[in-house]
Structures are given as C-alpha cells and as structure tokens.
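Descriptive analysis of the structure
Spelled out, the chains give:
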Amino acid sequence: MKQDYFSVNSEPVLHAEHCREKVQPESEWCETASAAENIRDSFWSEPASCDNGVAYGEWLESAAGRYRFPYIAFITLTAGIIGGIAAVPGVFLAGTPFLWQSIYLVCIGPLVEELMKQSGMIFLLEKRPYMVKYGWQFMLAAVPGALVFASIENIIYRYVYLNHLPEEQLVAMMSFRFLICTSLHLSCSLIAAMGLRRAWRKHRLDRRPVEISDSYELFATAIAIHGAYNFLCALKIISP
C-alpha cells in the first residue's frame, strides 16, 4: 500500500523502534560550540518525543563530566561578577531625568537590574548548561555579583550624583547607601538566584533544556521588593 507522507502516521515519533537509532549520534554534539542549542532545538527534545529526554540527559552528563570543581567555581564567580557589571548601565539610566523617570525607578529599573545581575548564570544555563552542576553555584554567583554592582553604584552616586552635597550630609548618605542599598541588592539577587535554581532543578529532573520561565515567580518577587524600596525612597519615606 502506498505510504501517505502527509499523514500523521508517517511522523518518526510514532515509530519507537527508530528512536534510539536517531538519537544516539547526537551525543557527539558535546564537541561543538553550539551543542546546547542543537540539543534544545532537536526534534528529539520535543515533549511528545519517544526519546523522553534520554538524548539530552546523556549528553549533559557526558559534557558535565569534563569539568572539575575548581574550574566550575571559577566560571561561576566570573559569571556572577560579569552579571553585576552588566547591570551597571541601569544606574546611569536611573539618574537621567525624563518624563517617566518615576515609572522607570519603580518598575523598569528594578526589572533591568535584577535580570542583568543574573545574566551570567542565565547565559550558562542556556548556552553552557553542563557547567552548572551544583545548586550552590547560584548563590556563589549572586553574592559577588550583587556586591560588585552595589559597589560600582555607590561609587557612581558618591562622585556623580551626590558630589554637590555638604560633607556631613554626604557622609550620612553614603553610609546609608553602603549599608541599606547594598543589603537590598544582595537580598534581591539571592531571591532571583533561588528562582534560577528552581528552574535548574526542574530541568535536571525532567532531563530537558532549562526553561527560564520557571524562575519568573521569584524574579517577580525580587523585582517587586526592589521596586517597593525605590517607591518609598521617591516618597522620602526611606532616607538617611
């Protein structure tokens, strides 16, 4: 009988006996720079695939085995620091007066800063998932990233935005910023990092490429806390 190539019955996924034959060669993708994208975009990573995450799981375990603890720790610290630096442009935007500055300070600014502070780890999760092997990596990246960002922000405020203040008021303002603002950035970064950790755990359990959307709930929490703080500062309810 002539095969109907346009029928759903001709879909490879419905012929389980060919699944492993098709999937096995993809384990070699760990040798290529675009391995994560190739695996993620493969037909065999579709939820309905009879592979059920076997190809991705095998590839991830094989690739992760190539990296040892010292290198993983170094990469994690680097990712956190890069994320903290990447969030710095948000400081300049926050200090630029324009019509919707209040909206920026309360809504857009916190969103940009919290996302960018985690950008290093997001990159690893999406592009180099085999380098994220342990749950503590998210905290290890979040702490230095937040401290680097807060330090740069405080320096900018000290020498750019607050430089005109009298000495006594400047000292009080900077003491407040180093204590309160740094604590805020650190706390929000840890909350957002927990969101990424949740997404990472789910992707490990499901043996599927990570979905950053699984972290949105905790990201929203961090952004809301940051935005609420900015709102109270704008109303002069919180001030040194």
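Since this is a predicted model, take the numbers as computed values, not measurements. (Residues numbered from 1 in each chain as written. Predicted model: local features only at pLDDT ≥ 70, side-chain atom pairs only at ≥ 80, totals over all residues. Heavy atoms only, no water.)

**Things to note about the pattern of salt bridges**
In the structure shown here, the tally under the stated rule is five salt bridges. Residue arginine 207 is joined to glutamate 61 by a salt bridge in which the shortest nitrogen-to-oxygen separation is 3.4 Å. You can see arginine 207 sitting in the loop between α9 (167–206) and α10 (216–234) and its partner glutamate 61 sitting in helix α3 (residues 54–64), a full 146 residues away along the chain. Here glutamate 153 and arginine 177 are joined by a salt bridge, their closest N and O atoms 2.9 Å apart. (Salt bridge = Lys/Arg side-chain N within 4 Å of Asp/Glu carboxyl O. Helix = DSSP H or I, 4+ residues; strand = E, 2+ residues; numbered from the N terminus.)

**Concerning the nonpolar core**
Formed by 32 residues in total, the largest nonpolar core has its most connected members in Met121, Leu124, Leu125, Tyr130, Val132, Phe138 and Leu196. Sorting the residues of this core by element identifies α3, α4 (69–86), α7 (119–127), α8 (136–161), α9 and α10 as the ones contributing at least two each. Top element by residues in this core is α9. It accounts for nine residues. Leucine 124 has contacts with Ile75, Ala79, Pro129, Met131 and Val132, leaving out every residue within four places of it along the chain. (Core = buried A, V, L, I, M, F, W, Y, C linked by side-chain atoms within 4.5 Å. Buried < 20%, exposed > 50% of the residue type's maximum accessible area, 1.4 Å probe, protein only. Contact = heavy atoms within 4.5 Å.)

**What about the confidence of the model for the protein chain?**
In the predicted model, the protein chain carries a mean pLDDT of 82, and 74% of its residues have values of at least 70. Mean pLDDT per element in the protein chain: helix α1 (residues 19–23) is the minimum at 44, and α4 is the maximum at 96. Within the model, pLDDT remains below 50 along residues 16–33, and this stretch shows 28 contacts once partners closer than five positions in the same chain are excluded. (pLDDT = per-residue confidence, 0-100.)

**Quick look at the side chain of threonine 76**
Along the polypeptide, threonine 76 turns up in helix α4. Classification of threonine 76 by relative accessible area gives buried; the value is 0%. Beyond its immediate sequence surroundings of up to four residues, threonine 76 is in contact with Met121, Gln137, Leu140 and Ala141.

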